[in-house]
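If you want the building blocks of each chain, they are given just below.
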Amino acid sequence: MQKNLLLGAEAIAQGAIDGGISGVYAYPGTPSTEITEYIQVNPEALRRGIHRTWSVNEKTAYEAALGMSYAGKKSLVCMKHVGLNVAADPFMNSCVTGVNGGLVLAVADDPSMHSSQNEQDSRFYGKFGMVPVLEPSNQQEAYDMTYEGLELSEKLKLPVVLRITTRLAHSRSGVVSRPLKEENQLLLPANPKQFLLLPAFARRYYQNLLSKQEEIVRLSEQSPWNRLLPGTDSALGIICCGLTYNYLMENFRESHCPYSVLKITQYPLPASLVRNLEASCEEILVLEEGFPLVEEQLASFFGKGTPVWGRLNGKLPRAGELNPDHVARALGKSVHEGFPVPSLVAGRPPALCQGCGHQDLYFALNEAIESIGHGRVFSDIGCYTLGALQPYDSIDTCVDMGASVTMAKGAADAGIQPAFAVIGDSTFTHSGITGLLDCVIEKSNVNVIVLDNEAVAMTGGQDSSARGRIEDICAGVGVSEDHIRVVVPLKKNHAQMVSVIRQEMEYQGVSVIIARRPCLQKLAREKREKARQGE
Amino acid sequence: MKTDIILAGVGGQGILSIAAIVGAAALGKGWNLKQAETHGMSQRGGAVMSHLRISDQPISSDLIPLGGADVILSVEPMESLRYLPWLSSGGWLVTNSTVFDNIPNYPDINAITEEILKLPHAVLLDADTIARDLGNARGSNMVMLGAAAPFLGLEREEITGAIGMIFRRKGEEIVRANIAAFDAGYAHSSNRAAR
Ligand SMILES: Cc1ncc(C[n+]2csc(CCOP(=O)(O)OP(=O)(O)O)c2C)c(N)n1
């Protein structure tokens, strides 16, 4: 059987293509980005004309995927964990409408916050929406679960959540494919009012969702992916969620694991299997990546007092990504560290690229506002967030995409004037526009600086939805054309940039300064690609 | 048979191209592979590493346990020291000596060298100069791969075959230049590898 070497993210993409999707909808976000990128260049996806253009944000992506499902076709929607906050409204309501064509939501969590603002656990969203969650433990399962997840979604008529974490998304291993399925034909929902959540309908559909819960649990209990592996030593039983199973097995390379192990990769919790495990052991250790979701459920589940160990009582760290060493320590095994890291080793945090236009804008901004002091530059998420570090030290906040504009507005309302919002072009179209409209309506004294590198740079240089549209968008929203300024962030334009920023600072109203120079990484990549095509 | 390798460097230095070749060589002989990579924010000039595991047996974890790495292969000297807790007591540290200095507090290179040479099994070489002398300035990663090759549990021909496969698209000339760079690194450490 031929194995393809795929990242976990790519395995999901291949599973979705082979499973017969007609569209992938996504906004980039580490560690989910590679799913869509794989589909964008896959020959079969191109041949079929599978929809694969980036969406403006996760909410628009989810809704479009739901529209494709309405039309009877199968779709995949991908995002990072915090993206699901943005798409939470359509997600939660789609759990009530249910789906027509199969819909899999692939959501990638980032425990340890390698590239994120928090480490929230998307399994909670699945529980919140009361729909099945699949959590593959390896690349092959990532493939299989996407392929079968689309079937499961059509069978239950519900969206199915596929949850992965950074480690699996970005780790490569051999994956065997299954036969390519046909796409679905166009087919309107059998109930033409299925997607009409007027309260009278919504109450009915919600009852319908509740009535499916027993079946969803039964499917978890019967799932071939949830397995109870009996052991010989009853002192301990171990629940392994997703890829933590591998960390456990890593600790038993030379010997057999003596404990009963329940491997969980499909939720809701397979209640009968959990009871069987509990009956066979004196204590339970829960290994799960992310929040203590299972641990919390079990700790109260076994009122009679089977001790449950995990992240909540110090057996495992409360925060951060797990690894084989954490599991070893939890099992009371010794860990043999190799050699100590010499104290001279310095941290090497990420930094803006040499020659990046963001640098030039920050140096100009620093000079322009030197006299009015610190604490008034609200920023956002992207490469430009690195402007918080030395030698720039230019920005004061980074919370969630789009928050620069709206936090600047609120601060200006409170009296911090002038307030600055520094936002990237992709972040601006993701969720900066609505906040700008708030500012325009109230004529807030906010100076928005759009750092326009014509790319979604932080996540790898994807095409930005903002490209070529920012001036028109700002004018359309109602920013006065005299206060939509464009500068080119280059060292030689330093004095001019400082002067433009100062002029707009003096204006009592909404201004937008667009600092436009293409991302160097993207330029270099495009040049390489052109050279390759020329070969 | 298994070899657990930690690849280290700075975002943009191309450690994944080394991983791709080792991976292709391992798959070529029917071995299993798991390779955990660093994507995302750190790729912007931050410290990056990859856990590369190859084995003729099934591999469980994508991450190598502490003290479990047979080789640390680093394309930058300070980065080679960052992952020492993963190096096994008999493992080899193989590193380029050419500094990549993009931070204000980069330590004294002599002190770094001293720390590297303190280890029981270390290979330190100036891969950039070796590559440049061969007229293949961009081949330093191939020199480093060659220098680590005697410790990877793979035959020379298995790796050069993989280099041929990976660079085939770029033409004969590039393949030959990269194999020459590989061989220069290989020659540097094969006498050190008393296997
Ligand atoms: C809701 C949400 N979606 C996605 C991300 C991931 N993300 C972080 S930065 C970024 C790109 C920002 O692009 P842009 O604003 O153009 O700035 P640049 O990196 O190009 O400077 C993305 C997609 C996130 N943090 N939050």
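Residues numbered from 1 in each chain as written. Chains lettered and ligands numbered in written order. Predicted model: local features only at pLDDT ≥ 70, side-chain atom pairs only at ≥ 80, totals over all residues. Heavy atoms only, no water.

With that settled, consider the state of the cysteines. Residue and element names in this part refer to chain A. Per the stated rule, a full pass over the model turns up 0 disulfides over all chains. Summary of cysteine pairing: C353 is not part of a disulfide, and the nearest cysteine sulfur, belonging to C356, is at 6.2 Å. You can see C398 has no disulfide; the closest cysteine sulfur is in C383, sitting 12 Å from it. (Disulfide = S-S within 2.5 Å.)

A few words on the nonpolar core. Residues and elements named next belong to chain A. Residues L76, I238 and L248 are the most contacted members of the largest nonpolar core, which totals 98 residues. The dominant element in this core, judged by the number of residues it contributes, is helix α8 (residues 139–156), at 7 residues. Taken together, domain 1 (3–211) and domain 2 (227–330) each give at least three residues to this core, which thus spans both. The contacts of L76, once residues within four sequence positions are left out, are I12, A16, I21, G23, V24, Y25, I35, I39, V104, A106 and T146. Counting residues in each nonpolar core, the second largest holds 55 residues, with L365, Y384, A457 and C474 among its members. (Core = buried A, V, L, I, M, F, W, Y, C linked by side-chain atoms within 4.5 Å. Buried < 20%, exposed > 50% of the residue type's maximum accessible area, 1.4 Å probe, protein only. Helix = DSSP H or I, 4+ residues; strand = E, 2+ residues; numbered from the N terminus. Domains from an automatic or database assignment. Contact = heavy atoms within 4.5 Å.)

Once that is clear, we can look at the pairing of strand β16 (residues 446–452) of chain A. All names here are of chain A. Counting buried positions over the 7 residues of β16 gives 7, a clear majority of the element. Here β16 shows no split at all, with V446, V448, V450 and D452 on one side and N447, I449 and L451 on the other all buried. In this sheet, β16 lies alongside strand β15 (residues 419–424) in parallel orientation, the contact comprising 6 bridges. Bridging from a neighbouring strand, A421 pairs with V448 of β16. Where β16 meets strand β18 (residues 511–516), 6 bridges bridge the pair, whose relative direction is parallel. Looking across to β18, one finds that N447 is bridged to S511. (Pairing = 2+ DSSP bridges.)

Time to look at the domain arrangement of chain A. Residue and element names in this part refer to chain A. The domains assigned to chain A are domain 1 (3–211), domain 2 (227–330) and domain 3 (357–522). Each of domain 1 and domain 2 was reduced to a C-alpha centroid, and the two centroids are 27 Å apart. Taken together, the 22 residues of domain 1 in the interface contact 20 residues of domain 2. Around 1,800 Å² of area is buried between domain 1 and domain 2 when both sides are counted, 53% of it from carbon and sulfur atoms. On inspection of domain 1 and its partner domain 2, the count reaches 3 salt bridges. Between R167 and E321 there is a salt bridge whose closest N-O contact spans 2.7 Å. (Buried area = accessible area lost by both parts, 1.4 Å probe. Salt bridge = Lys/Arg side-chain N within 4 Å of Asp/Glu carboxyl O.)

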